[in-house]
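# Overview (structure and organization)
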Amino acid sequence: MSGRVIRIGAGAAWWGDRIEPARWNAERGDLDYLCFETMAEATVSAAQVRARRDPTFPGYDSYLDDRFAAVLPGCLARGTKIVTNQGWINPEGAADRVAYWLRELGARGRRIAAVGGSLLTDRVLELTDTVLEDGRPTSTLRDGLVSAEVYLGAEPIVAALHDGADVVITGRVADPSLFLAPMMYEFGWDPLDATLLGQGSGIGHLMECGAQVTGGYFADPGVKDVPEPWNLSFPIAEVEPDGTAVLTKLDGTGGVVDLRTVKEQLLYEVHDPGNYLTPDVTVDFTTARLEQVGPDRVRVTGIGGKPRPATLKVSIACAEGFIGEDMFFYAGPGAVQRAQLAKRVLEERFRIVGLRAEEVRIDLLGVDAIHGPVSKPRCEPYEVAVRVAARTSSREEALKVGREVDGMAVSGIGMTGKRVPHQDRAREVIGVWSSLVARDAVTPTITFVES
Amino acid sequence: MRVILRHVAHVRSGDKGNTSNIAVIAYSPALYPVLKEQLTAARVKDFYAGVVHGPVDRYEVDGLHALNFVAQGALGGGVSRSLCLDNYGKSLSSALLAFELDVPDELVGELRGLDDADRGAAVSRPEGS
């Protein structure tokens, strides 16, 4: 090994992720960088919908306070910088909030960068041509348009670090870019060096889903056993100046880092492993070499890179109607027969009340609700849930699903188990589509606040 | 010896829009050729009939002893539109663990999760028979 090694830890893999493992990494990980990924495909559209209805919603990660309160003491003690996409639709507001938390802890004069410019809602129909999923013109999305955002790459984060940022908080950025940016900054990588960026982005891809590389989403008793699966930590990458990295985790935590967990995560959400598109580089995972170099230590080398795509990906969210949903239960001898009769009753009732739906699905949970026609039940289950869902154009139609399930209480089948309907049984569908936009149509913004 | 995939490989699925990828990773390098020969894209598409409505492509990653299947039209129109309880298809890969393979007898020692009775038997208990 030559040159300096930087230590990058993961702090979150999605909005709802656990907080404590981020604190452990901040306090015990001896980290140079702690990086948080908190956005799913639908995060921006959900935030836009919520912001319209709730003027008090600040537009950034609703767990921002919990996450920063948990990690800032450890990060300040070690001098760990933070890179995070918790800015959602308001990175500037999130930066102000982080400045507040820093002042609360007595840390004055720290620089927090907000990276914006990913929101394209007002311009998306001018800047894009076709919907990638089905080839129709993006102009057909005009009526239901909720939001659109472009996936920015690592470069604006690198620029913010060059300008002295202690914390970089972004809106939409490609997930691996959050982890690639510190490597580019620390090692002075040329943003057009596809070989270095391919390896670095590949490491970012392995880190972005947090515990999915340290034993989460993995255990299968008897074939893939995981120590203390209730006590998982988030990964740490020890990265060398050429991008070679050892993936590991904190001692004294549950989980495992081995060839199996790394291989599963390497291919997670990947289509063509030779051409994984990111805003920074086209990653080639087919040349990756993995080596177990110690307990819970896997060395990753040889991930390749090709020039980055000429265009950037845009996510376009559209209101597409509603889903109504509910369920009820049967148990004991004859449970499945009663559930099947209940299914027939619902089908007839939907016909009688004239439910207008694009699609209706009635599953027997315990028999075939998850894998549908591929299911291979081995024996009749003791208990079963009837779960019904319908997609409709209006909320009124969607609510008919729950109303017909209400009818199953006293007008249904014998021995029906039912919940009191206190939960919301209709939800809005926000469809997410993709398109491409020219790089020069997008201008990232970087603004600073000081604590 | 005829066994289900669960003893031969581990799997993970991920979602992008209405497309699911299913990575199938051999438990040992010696088992990888068995997967490559028997777990074809056409057989995987047939296996998921009624669930996967679009084409299935197979990518081979020999260095990792892994196959990556990319199934279009697999997620009920997409995560937000899907009426499936598992709308992300996170568990979609686990169905494939029931896929049956013929493993040469000399490789039986490479299999995972077989109990002693399975190991000594000429055939294991095939699924759905």
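Not measured: the values here are computed from a predicted model.

Within chain B one finds four helices and six strands. Mapped from its N terminus to its C terminus, chain B presents α and β elements in the order β-β-β-α-α-β-β-α-β-α. When burial is assessed residue by residue, chain B has 48% of its 129 residues classed as buried. When contacts within chain B are restricted to residue pairs at least 6 apart in sequence, those whose partners lie at least 24 apart make up 64%.

Attention now moves to the nonpolar core. Counting 168 residues, the largest nonpolar core has Val168, Ala181 and Leu247 of chain A together with Val8, Ala9 and Val24 of chain B as its most contacted members. Element by element, the count of residues in this core is highest for strand β14 (residues 311-331) of chain A, at ten residues. In contact with alanine 181 of chain A, other than residues within four places in its own chain, are Val83, Ala154, Ile157, Val158 and Leu161 of chain A.

This part is about the interface of chain A and chain B. Taken together, the contact between chain A and chain B spans 43 residues of the former and 37 residues of the latter. If you list the elements that add at least two residues to the side of chain A that touches chain B, you get α9 (259-266), β14, β15 (359-365), β16 (383-392) and β18 (426-438) of chain A. For the side of chain A that touches chain B, the element with the most residues is β18 of chain A, which contributes five residues. Residue classes in the side of chain A that touches chain B are distributed as 19 nonpolar, eight polar and 16 charged.

Residues and elements named next belong to chain B. The share of residues in chain B with pLDDT of 70 or more is 89%, and the mean pLDDT across the chain is 89. With pLDDT under 50 throughout, residues 120-129 is counted as low confidence; its partners more than four residues away or in other chains account for 14 contacts. If you check the scores for this complex, the pTM reads 0.94 and the ipTM reads 0.93.

Next up on the list: the environment of leucine 346 of chain A. Residue and element names in this part refer to chain A. Note that leucine 346 resides in helix α10 (residues 335-352). Residue leucine 346 is classed as buried on the basis of its C-beta count, with 24 C-beta atoms lying within 10 Å. Between the C-alpha atoms of leucine 346 and aspartate 326, which are 20 residues apart in sequence, the distance is 12 Å. Residues contacting leucine 346, with those up to four places away along its chain left out, are Ile362, Val388 and Glu404.

This paragraph deals with the sheet that holds strand β5 (residues 66-71) of chain B. One open sheet accounts for four strands, arranged β2-β3-β5-β4 (chain B); its pairing is antiparallel. Either end of the sheet is taken by a strand with one partner, and the two such strands are β2 (9-16) and β4 (56-61) of chain B. Direction aside, the axes of adjacent strands within the sheet are offset by 20° on average. By the bridge criterion, six bridges tie β4 of chain B to β5 of chain B in an arrangement that is antiparallel. Its bridge partner being in β5 of chain B, tyrosine 59 of chain B is matched across the sheet by asparagine 68 of chain B. Each of β2, β3 (19-26) and β5 of chain B touches α9 of chain A; the most contacted strand, β3 of chain B, lies at about 155° to it.

We now examine helix α1 (residues 20-28) of chain A. Residues and elements named next belong to chain A. Every buried residue of α1 is listed here: Pro21, Ala22, Asn25 and Ala26. Buried residues of α1, seen end-on, are gathered within an arc of 140° and therefore sit on one face of the element. Structurally, α1 contributes buried residues whose contacts are with β1 (6-12), β2 (33-36), α3 (64-78) and β7 (236-239). Downstream of α1 by a residue or two, aspartate 30 has a phi angle that is positive, lying close to 50°.

Turning to helix α2 (residues 43-53) of chain A, its buried residues are Thr43, Val44, Ser45, Ala46, Ala47 and Gln48 of chain A. Looking at the buried residues of α2 of chain A, the elements they touch are β5 (145-150), β14 and β18 of chain A.

One face of the sheet, then the other: side chains in a regular strand alternate in exactly this way. Residue and element names in this part refer to chain A. With five of its six residues buried, strand β4 (residues 111-116) lies for the most part within the structure. Here β4 pairs with strand β19 (residues 445-450) via six bridges, running antiparallel. Of the residues in β19, the one forming a bridge with alanine 114 is threonine 447. Note: β4 against strand β6 (residues 167-170), four bridges, orientation parallel. Bridge pairing in β6 places isoleucine 112 opposite valine 167.

Residue and element names in this part refer to chain A. Across the sheet, which stays open at both edges, the ten strands sit in the order β11-β12-β8-β7-β1-β2-β3-β6-β4-β19 with mixed pairing between neighbours. The open sheet has two edge strands with one neighbour each: β11 (289-294) and β19. When the angles between neighbouring strand axes are averaged without regard to direction, this sheet yields 20°. Sheet topology note: the strand β8 (residues 245-248)/strand β12 (residues 297-301) ladder contains three bridges and is antiparallel. Paired with leucine 247 across the strands is valine 298, a residue of β12. Each of β1, β2 and β7 is contacted by α1, which is oriented at about 160° to β1, the strand it contacts most. Each of β4, β6 and β19 is contacted by helix α4 (residues 91-104), which is oriented at about 165° to β4, the strand it contacts most.

Splitting chain A by domain gives domain 1 (6-117 + 152-309) and domain 2 (316-432). Between the C-alpha centres of domain 1 of chain A and domain 2 of chain A the distance comes to 39 Å.

Parameters at a glance
Residues numbered from 1 in each chain as written. Chains lettered and ligands numbered in written order. Predicted model: local features only at pLDDT ≥ 70, side-chain atom pairs only at ≥ 80, totals over all residues. Helix = DSSP H or I, 4+ residues; strand = E, 2+ residues; numbered from the N terminus. Buried ≥ 20, exposed ≤ 12 C-beta atoms within 10 Å, placed from the backbone. Contact = placed C-beta atoms within 7 Å. Core = buried A, V, L, I, M, F, W, Y, C linked by C-beta atoms within 7 Å. Nonpolar A, V, L, I, M, F, W, Y, C, P; charged D, E, K, R; others polar. pLDDT = per-residue confidence, 0-100. Pairing = 2+ DSSP bridges. Axes fitted to C-alpha atoms, helices over the stretch in contact; angles between N-to-C directions. Arc of directions from axis to C-beta. Domains from an automatic or database assignment.

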